[in-house]
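Topology and contacts: notes
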Number of protein chains: 2
Amino acid sequence: MVILLDAMGGDNAPDATIKGAVKAISQIEAEVVLIGNEEMINQKVKELYGKNTISEISTRLKIHHTTEIIEMEDVPTQAIKHKKDSSMVVGFNMLKEGKGDVFISAGNSGALLTGATLLVGRIKGVDRPALAGILPAYKSRLVLMDCGANTNCKPINLLQFAQMSSIYLQTTLNVKNPRVGLLNIGTEETKGNELTKEAYQLLKKKSKEVGVNFIGNVEGREAFLGGVDIVVTDGFTGNIFLKAVEGLGKFVKRTLSESLKKNLLSKIAAIPSLPAINRFAKTVDYKEYGGALFLGVKKPVVKAHGSSDEKLFEFTIKQAEQFVRNRAVEKLTEEFSKQKVQNIEEA
Amino acid sequence: MVILLDAMGGDNAPDATIKGAVKAISQIEAEVVLIGNEEMINQKVKELYGKNTISEISTRLKIHHTTEIIEMEDVPTQAIKHKKDSSMVVGFNMLKEGKGDVFISAGNSGALLTGATLLVGRIKGVDRPALAGILPAYKSRLVLMDCGANTNCKPINLLQFAQMSSIYLQTTLNVKNPRVGLLNIGTEETKGNELTKEAYQLLKKKSKEVGVNFIGNVEGREAFLGGVDIVVTDGFTGNIFLKAVEGLGKFVKRTLSESLKKNLLSKIAAIPSLPAINRFAKTVDYKEYGGALFLGVKKPVVKAHGSSDEKLFEFTIKQAEQFVRNRAVEKLTEEFSKQKVQNIEEA
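For clarity, every value in this text was computed on a predicted model and none was experimentally measured.

**Considerations on helix H1 (residues 15–25) of chain A**
Residue and element names in this part refer to chain A. Taken across its 11 residues, H1 has 8 buried, putting it largely inside the fold. Every buried residue of H1 is accounted for by Ala16, Thr17, Ile18, Gly20, Ala21, Val22, Ala24 and Ile25. As for H1, its buried residues are in contact with strand S1 (2–6), strand S2 (31–36), helix H2 (38–49), strand S3 (61–65) and helix H12 (310–325).

**Structural notes on the pairing of strand S10 (residues 292–295) of chain B**
Residues and elements named next belong to chain B. Both faces of S10 are covered, namely the face carrying Ala292 and Phe294 and the face carrying Leu293 and Leu295. Of the pairings in the sheet, the one linking strand S5 (residues 130–137) to S10 comprises 3 bridges and is antiparallel in character. From the neighbouring strand, Ala132 faces S10, where its bridge partner is Leu293. Both S10 and strand S11 (residues 301–303) contribute to a ladder of 2 bridges, which runs antiparallel. Its bridge partner lying in S11, Leu293 is registered against Val302. Hairpin geometry of S10 and S11 is characterised by an intervening segment of 5 residues between the two adjacent antiparallel strands and by a positive phi of about 120 degrees at Gly296.

**Remarks on the pairing of strand S6 (residues 140–145) of chain B**
All names here are of chain B. Burial runs high along S6: 5 of the 6 residues are buried. Pairing of S5 with S6, which is carried by 6 bridges, proceeds in the antiparallel orientation. Residue pairing in the sheet places Gly133 in a bridge with Leu144 of S6. Counting the residues between successive antiparallel strands, the hairpin from S5 to S6 contains 2 residues, one of them, Lys139, with a positive phi of roughly 50 degrees. Two strands pair when backbone bridges link them, and S6 and strand S9 (residues 230–232) are joined in this way by 3 bridges, in the parallel orientation. Across the sheet, residue Leu144 finds its bridge partner in S9, namely Val231.

**Quick word on the confidence of the model for chain A**
Residues and elements named next belong to chain A. Summary statistics for chain A give a mean pLDDT of 89 and a share of 88% for residues scoring 70 or more. Low pLDDT, under 50, characterises residues 341–347; the predicted model gives this stretch 11 contacts beyond four residues in sequence or across chains. Listed scores for the predicted complex are pTM 0.87 and ipTM 0.84.

**Focus on the sheet that holds strand S4 (residues 102–105) of chain B**
All names here are of chain B. Here 11 strands make up an open sheet; going across it, the order is S3-S2-S1-S4-S11-S10-S5-S6-S9-S7-S8 and the pairing mixed. At either margin of the open sheet sits one strand with a lone partner, and together these are strand S3 (61–65) and strand S8 (213–218). Taken over all neighbouring pairs, the strand axes of this sheet differ in orientation by 25 degrees on average, direction set aside. In terms of strand pairing, strand S2 (residues 31–36) meets S3 through 5 bridges, oriented parallel. In the strand pairing of S3, Gly36 is matched with His65. Across the sheet, helix H2 (residues 38–49) touches S2 and S3, and the angle it forms with S3 is around 145 degrees.

**A word on the layout of surface pockets**
Taken as a whole, the second largest pocket spans an internal volume of roughly 1300 Å³. If you trace the second largest pocket, you find 46 residues lining it, with A:Ile185, A:Lys191, B:Ser109, B:Gly110 and B:Lys243 closest to the centre. Of all the elements in the fold, those that place two or more residues in the lining of the second largest pocket are helix H5 (109–120), S5 and helix H9 (235–260) of chain B. Each residue belonging to the lining of the second largest pocket can be placed in one class, and the counts come to 16 nonpolar, 19 polar and 11 charged.

**Observations regarding the packing of helix H6 (residues 155–172) of chain A against helix H7 (residues 194–206) of chain A**
All names here are of chain A. At their nearest, the axes of H6 and H7 sit 8 Å apart, and the two run at 50 degrees to each other. As far as their axial angle goes, H7 and H6 are oblique. For the crossing formed where H6 meets H7, the hand is right-handed. Mapping the contact onto sequence places Pro155, Ile156, Leu158, Leu159 and Ala162 in H6 and Leu195, Glu198, Ala199, Leu202, Leu203 and Lys206 in H7.

**Some words on unusual backbone geometry**
Here the residue pair A:Ala13 and A:Pro14 is connected by a cis peptide bond, since its omega of -5 degrees sits within 30 degrees of zero. One can find A:Pro14 in the loop between S1 and H1. Residues B:Met145 and B:Asp146 are joined by a peptide bond in cis, for which omega reads 15 degrees. Structurally, the position occupied by B:Asp146 is in the loop between S6 and helix H6 (155–172). For B:Asn177, which is not glycine, the phi dihedral falls at a positive 50 degrees. Note on placement: B:Asn177 falls in the loop between H6 and strand S7 (179–183). Backbone geometry places B:Arg327, a non-glycine residue, at a positive phi of 50 degrees. A residue is classified by how much of its surface remains accessible, and B:Arg327, at 37% relative accessible area, is partly exposed.

Criteria and cut-off values
Residues numbered from 1 in each chain as written. Chains lettered and ligands numbered in written order. Predicted model: local features only at pLDDT ≥ 70, side-chain atom pairs only at ≥ 80, totals over all residues. Heavy atoms only, no water. Buried < 20%, exposed > 50% of the residue type's maximum accessible area, 1.4 Å probe, protein only. Helix = DSSP H or I, 4+ residues; strand = E, 2+ residues; numbered from the N terminus. Contact = heavy atoms within 4.5 Å. Pairing = 2+ DSSP bridges. pLDDT = per-residue confidence, 0-100. Axes fitted to C-alpha atoms, helices over the stretch in contact; angles between N-to-C directions. 1 Å grid on protein atoms, 1.4 Å probe; cavity = no way out; pocket = protein on both sides within 12 Å on 5 of 7 lines; lining within 4 Å. Points joined across faces, edges and corners; volume = space filled by probe spheres on them. Nonpolar A, V, L, I, M, F, W, Y, C, P; charged D, E, K, R; others polar. Parallel < 35°, antiparallel > 145°, perpendicular 65-115°, else oblique. Left-handed = near helix turned anticlockwise from the far one by under 90°.

As structure tokens, this is what we get:
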């Protein structure tokens with residue numbers, strides 16, 4: 001197996017991508033190809049590890065040289081079209097040509113989604129690929145789809161998000177018959193905006209037929225308590241939800257650590273309970289839950305957080321190996337080829 | 001000053017409303033009128049405090065007898081029209097007739113919003129009254145408006161939410177020139193859905209003119225870190241945001257308390273740091289931040305959380321007194337009468 005990593009993508013690249021790959025390599029069996037400027041990467045490797053090339057650290061670490069970088073400010077479609085030798089475009093092409101099994105990037109989100117759709121291509125039957133993110137939840141985890149790929153959605157898209165994420169959870173995380181909720185502002189079926197009202201009816205009518213265990217509307221208030229495995233929503237609402245959770249998470253961490261360090265007394269008092277507090281911080285840290293999968297394209301594409309650090313890259317690389325091993329994309333493709341998607345669309 | 005309290009509203013009424021009023025009364029100067037079934041309230045008072053009537057606890061605690069209750073399942077408009085002797089309808093009428101200065105209810109949200117608009121009436125110039133909720137934030141707090149009153153909004157509504165919440169924050173919490181952000185999925189002005197894109201342009205163009213300090217788009221990720229005082233959004237998105245935060249808050253509290261009690265050792269170890277941990281829990285608990293104000297109607301209406309407990313009612317009553325004292329609604333009315341709202345609408 002070969003994992004393709006956009007070495008130049010993200011706020012902390014290439015330091016964090018290199019360190020993440022080095023940390024992950026001893027824990028996986030796959031090769032990792034760092035796609036990016038070879039000279040720059042080797043220079044960093046020298047600084048960080050005192051080696052001449054990254055392959056001296058592990059023979060399963062390689063570099064594929066590229067000369068361009070898609071910046072955060074670049075206009076997605078233009079960047080994908082014109083920056084032919086960027087780490088991202090080259091990564092997609094290698095993935096398409098079978099030179100790798102999965103592509104990970106923390107770069108420009110818009111470009112990543114555009115590139116995945118244009119260069120790798122949609123699975124037949126899928127109208128809109130979307131981002132499936134994993135969030136912490138009480139004694140479990142929660143898949144949120146769409147996390148932000150599609151600002152405007154139709155009910156059929158939400159039904160397909162439910163299908164795709166169900167297959168993903170069954171294959172990758174071994175969750176049997178995952179419970180799917182529709183993110184809404186109330187539990188009654190008459191609640192919500194036009195999209196959620198229509199999507200509710202479509203999900204109610206078609207879920208069984210397409211193997212989705214639809215449990216109705218879900219409010220954010222209950223989403224983290226373990227009663228639901230998958231939350232489907234349009235990409236605008238999903239992104240608002242995701243960032244609200246991230247924002248509160250940041251605030252909680254900062255406040256807890258300052259409460260414990262408020263004065264010398266509370267600082268000393270905190271020492272005995274630090275293991276418990278660290279256990280807690282680990283549970284609620286969204287960074288422990290890795291990248292978001294872009295489901296609905298023909299090959300596995302993973303969008304790592306723009307602000308990913310080495311720890312998060314390490315985790316995302318391990319997660320990507322798992323994802324390839326479980327053949328989630330192949331299973332998605334099989335399922336969608338079986339279904340009469342045309343009929344559903346007309347429903 | 002007279003505070004009108006819907007004694008029958010909310011999941012924990014009338015126990016929680018009675019206990020909250022009793023706890024609040026010694027900390028405020030206003031009278032509190034509990035609106036609800038007199039016999040039932042006095043029966044509870046006997047059970048809880050061993051007194052015959054609530055006035056024996058304080059002469060500033062009164063009961064106004066009503067015979068009906070608007071249930072959570074009731075259809076809002078029908079309930080407001082037909083349940084004339086419900087605690088909620090009577091409360092609104094008393095507020096309108098000047099028999100009280102503010103009305104608090106934790107009852108059926110839809111009925112509360114319908115009743116406030118139909119029975120109390122909108123301030124001239126305000127197209128859509130909306131809920132302004134207060135959330136915890138890093139060393140500060142955050143006003144979120146609309147928290148859920150208007151599922152569908154136009155850009156003009158969001159501009160007015162910005163105006164109303166700015167006046168509210170200036171008058172009630174004494175925040176000078178509060179910073180207003182538009183809740184969105186990116187900071188660039190081209191980001192978002194149709195509503196946020198149009199609202200951004202309107203806010204950019206008209207904010208100064210109407211006394212709003214617009215700072216641009218805000219993502220949930222940054223909202224809690226103290227850089228923004230007010231977040232404006234439509235009621236669907238706002239409610240999704242609010243409930244995501246509440247849901248994560250619940251999960252965080254549960255996980256922290258279980259981490260600390262995992263085994264006897266961590267239980268004992270936690271004791272010295274409990275004051276710090278409690279300080280932390282208090283900071284991030286949305287219940288510490290009281291009810292949401294329904295801004296844009298002619299008199300002060302406060303929507304308390306449906307699951308409010310006595311502590312939250314106590315807090316909300318104190319907050320309501322403050323709100324009346326600062327004449328926030330009068331100031332809103334003055335401001336809106338000054339402005340050429342017609343012109344803005346045509347903008």
